[in-house]
Structures are given as structure tokens and as C-alpha cells.
Amino acid sequence: MDCTMKRLLLLVFLCLNSYWVNADTLTLKAGHPDTYIVKKGDTLWDISGYFLNDPWRWPKLWGGNPQIANPHLIYPGDRLTLVFIDGQPRLVVKQHVKKSPEGRVISKDGPIPPIDLALIKPYLVQNRVVDPTWLAGLPIVMSGESPSIHHVVNDVVYVNAKLEQGLKVAIYQTGREFFAPDSGELLGQELILTSSGRVIESGDISKVELLRSLRETKGGFHVAPVEDEALMSAYFIPKAAELSVATSIIGTIGNLREAGKLDVVYIDRGANDGVETGHVFSMFRDGENIIIDNDGNPVRPLDRSSYDKVLANFSEDTVYKMPDVFHGNLMVFKVFDKTSLGLIMFNDHPVRVGDKLTKPNPLTIKGE
């Protein structure tokens, strides 16, 4: 191997090594505080946002904290101090313990959560995406003791299946069908929880008393066992998504045209693709197409003059694809087989169906 080739390989290695080091380095926000007193209502993401440009990386900011057994359990009243360990920023925690006049330790508020759980708790329970084949096998609400076609809490409804007495059930209204943007594959059927109840009488037609209603229940709604709450973790350790396949947003809660910060969206990848709760994605808007008009000016295809549109019928435009535009981060908090639910943690442009998701890149990540 000649000297020129050796120098070239060395240069490539140094560039890659520099990238890997930078990708693993926390970047402090300008004007960050040196200390912070944890308050009730804080979240780990919020606190990290005072210190880091990319607050989703709070596990690394607290990593290696020798003061407590679990460095992610931070309590109101704890004092956080920014220090540097091996050149990397870390938050050292001085725990706050209240004592009674007799000297006994008084239990303090619980640990602060990674994110505001009130934002996602409804969707942990209320929204599911299931296989339509599984859905077709579920019993349905036929009618109820009340002559009304709308049933609410304390009403008794009739279900066309022999259900075990005392069984807790959830009743769902069907929503949208989700399809893969690239292949058109049916990814699943959206279910929206309307009520939950308990079987009070078993038979070929079972009676279910509605104990909780989120919205009115009607005939034809599907009845399923209540989801196992043990599988719905409300504690998330954010980590970079490592998917090697194209990923995108396929829907918004409420079927809105646009979504923003702290809104919930559906993405087209799930457990079958390796998605896990806590996965963080960067969101990108598709770069626009630009052409050169008859006067040599760059324009969007729809903005060109009527004359240029006529000429376009006799020639083929050269289309220049602009780079995709980074505009925020989202974190997955509930995973289904082929889809997942994500919470938009930051965005500086409206989020829309079709926006692309990628592994978060420290060079493009933003936060507040």
C-alpha cells in the first residue's frame, strides 16, 4: 500500500472517529444554569431542556450519578448541580429529605416522570390498532335495557357472546384503517375506547354494566377484554431509534390535518419492525421540487407562468429535489404490532401525515 493510500485511509478514519465522538457528546444550551432545584410538576425532559440542546438525551446527563441507586429517580426539592466528569457534563443530585420535629424521615413526593404523563395517559388506554382478523372475531353490543340507542355509565347493554360473569371488558368504536405508504399493506384497524364495564350476567346474550363512559356507546361497537395495564408502561427511557427501514407519520389523533408540540400521532412501524417505547425519532418535511422556468429562474412547478406551463407540454422539465427539512422530534410511548403512537416533543413547523422519521442526528436535533 503506497503512502498516498495510507494517508487517505488515515484521514477517513479520523473523520469517522470525529463524527462518532461528536455524535456521543452532549451539547450544552447557551445560558444554561449551573444549579437547579427540582419543583413539583417538573419532568426529566423539561429539566434537561434547561441544560441541553437535545433534552431527550437526559439519561446520559444523569448517567454515572453515584448519589442514588437509580439516577433517573429525581424528586421535588432535590438540588441539581452541573459538573464535568471526563470532560462530559453531568448533573449531580443532592437529595432533599424532610424530617419531622422528632427526627423521623417524612416521605416526600414521588419521583418526577420523564414526561408529563397526563399528556399520554388517555391514549395508553383509549387507543389501539389491531389486526382486522382479530377484530372480526370479537362480540358486539346488540342493544341495551334502556330504549335509547345511546348508552352511558350505569346503563346495562347486551352482548352477543357468553362472557364469564365478573369479567371486565372494554367497548370500542372502530376508527380508521391504516395502510403502509410504500406498499399499501393494511397495517391495522384503529379502535377508540367508548366505555368499560363488568359482566353482570352470563348467557348466550350476556349483560354488561357500564362502569365508565368516555363517550356514548351504541349497538355494533366491539367488546374486548380490558388491556393488560402491566404491558402499558408509563415510564420511558428515551433512546435513539435504530430502524433501517423508511418510517413516516400516517395519522393524527382526531384525524387533524396538522399536529404540533405535545400532540399524538401514529407512525407506520411497530413491534414487528423493532420499535420500542422510548424510541426517539427526528421528523423531516419532504423537500420541495424546484424547476428552472423559461427565464432561467428557479420556481415551484405550480408557480410558473401560464406560458411556461404551455411550453412544458412540449419538453421535459429538469426537476431539482431540495433537501428534506428537519422540524422536530417525537418519542414513541405505545407500540402495536405494525404501528405505534408517538408524542411530538418539539416542532418548529406544522407536522403532517407523510412526514418522514429518521434516527435522531445530534447535528440536527433541537429542543427547548
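Basis of the calculations
Residue positions are given per chain, counted from 1 along the sequence in the order it is written. The predicted nature of this model means local features are confined to residues of pLDDT at least 70 and side-chain atom pairs, given and counted, to a pLDDT of 80 or more, with totals for whole chains, interfaces and linings taken over all residues. The basis for every side-chain value is the complete set of heavy atoms in the structure, and neither hydrogens nor water enter the calculation. Here a helix means four or more residues in a row that DSSP labels H or I, a strand means two or more in a row labelled E, and each is numbered from the N terminus. Salt bridges are defined as contacts in which a side-chain nitrogen from Lys or Arg sits within 4 Å of a carboxyl oxygen from Asp or Glu. Each residue is assigned to one of three classes by its accessible area relative to the maximum for its type, calculated with a 1.4 Å probe on protein chains only: buried under 20%, partly exposed between the two thresholds, exposed over 50%. If DSSP finds at least two bridges between two strands, the strands pair. Any two of the Phe, Tyr and Trp rings considered here, Trp counted by its six-membered ring, make a pair once their centres fall within 6.5 Å; the pair's planes then place it as stacked at under 30 degrees, edge-to-face at over 60, or tilted in between. Contacts are residue-level and defined by heavy atoms, with any inter-residue pair within 4.5 Å sufficient.

Per an unreviewed UniProt entry, the protein chain goes by the name Peptidoglycan-binding protein LysM and belongs to Shewanella frigidimarina.

Colleague: Break down unusual backbone geometry for me, with residues and values.
Modeller: One non-glycine residue, N255, lies in positive phi territory at about 60°. Turning to its location among the elements, N255 is positioned in the loop between β14 (247–252) and β15 (258–259). With a phi angle near 70°, L262 is a residue other than glycine that sits in the positive phi range. Among the secondary structure elements, L262 is positioned in the loop between β15 and β16 (264–267).

Colleague: Before we move on, can you summarise the pattern of salt bridges with the specific residues and values?
Modeller: Applying the stated rule across the entire model yields 17 salt bridges. Across the salt bridge formed by E209 and R198, the nearest N and O atoms sit 3.7 Å from each other. With a gap of 11 residues between them, E209 in strand β11 (residues 206–213) and R198 in strand β10 (residues 186–201) connect regions that are remote in the sequence. In this structure R198 comes out as partly exposed when scored by relative accessible area, which is 32%. A salt bridge links E276 to K239; the shortest N-O distance between them is 3.7 Å. Taken together, the positions of E276 in the loop between β16 and β17 (279–285) and K239 in strand β13 (residues 239–240) put the pair 37 residues apart, joining distant regions of the chain. Looking at E276, the relative accessible area reads 42%, which means it is partly exposed. Under the relative-accessibility criterion, K239 is labelled partly exposed at 30%. Through salt bridges with shared partners, a single network forms among D286, K321, D324 and K356.

Colleague: Pulling in residues and values, what's your account of the pairing of strand β3 (residues 88–94)?
Modeller: Burial analysis of β3 places 5 of its 7 residues in the buried class, the great majority of the element. Hairpin connection between strand β2 (residues 79–85) and β3: a loop of 2 residues separates the two successive antiparallel strands, and D86 in this loop has a positive phi of roughly 55°.

Colleague: Tell me about the packing of aromatic side chains, and please be specific about residues and values.
Modeller: The final tally for this structure, using the stated rule, is 3 aromatic pairs. Ring centres of F178 and Y266 lie 4.6 Å apart, and the angle between their planes is 45°; on these two criteria the pair is classed as tilted. Taken together, the residues span a long stretch of sequence, with F178 in strand β9 (residues 168–179) and Y266 in strand β16 at a distance of 88 residues. Residue Y266 is classed as buried on the basis of its relative accessible area, which comes to 0%.

Colleague: Tell me about helix α2 (residues 44–51), residues and numbers included.
Modeller: Taking burial as the measure, the 8 residues of α2 include 6 buried ones, the bulk of the element. All of the buried residues in α2 are L44, W45, I47, S48, G49 and F51. Buried-residue contacts for α2 involve β1 (35–37), α3 (58–62), β2, β3, β21 (325–335) and β22 (340–347).

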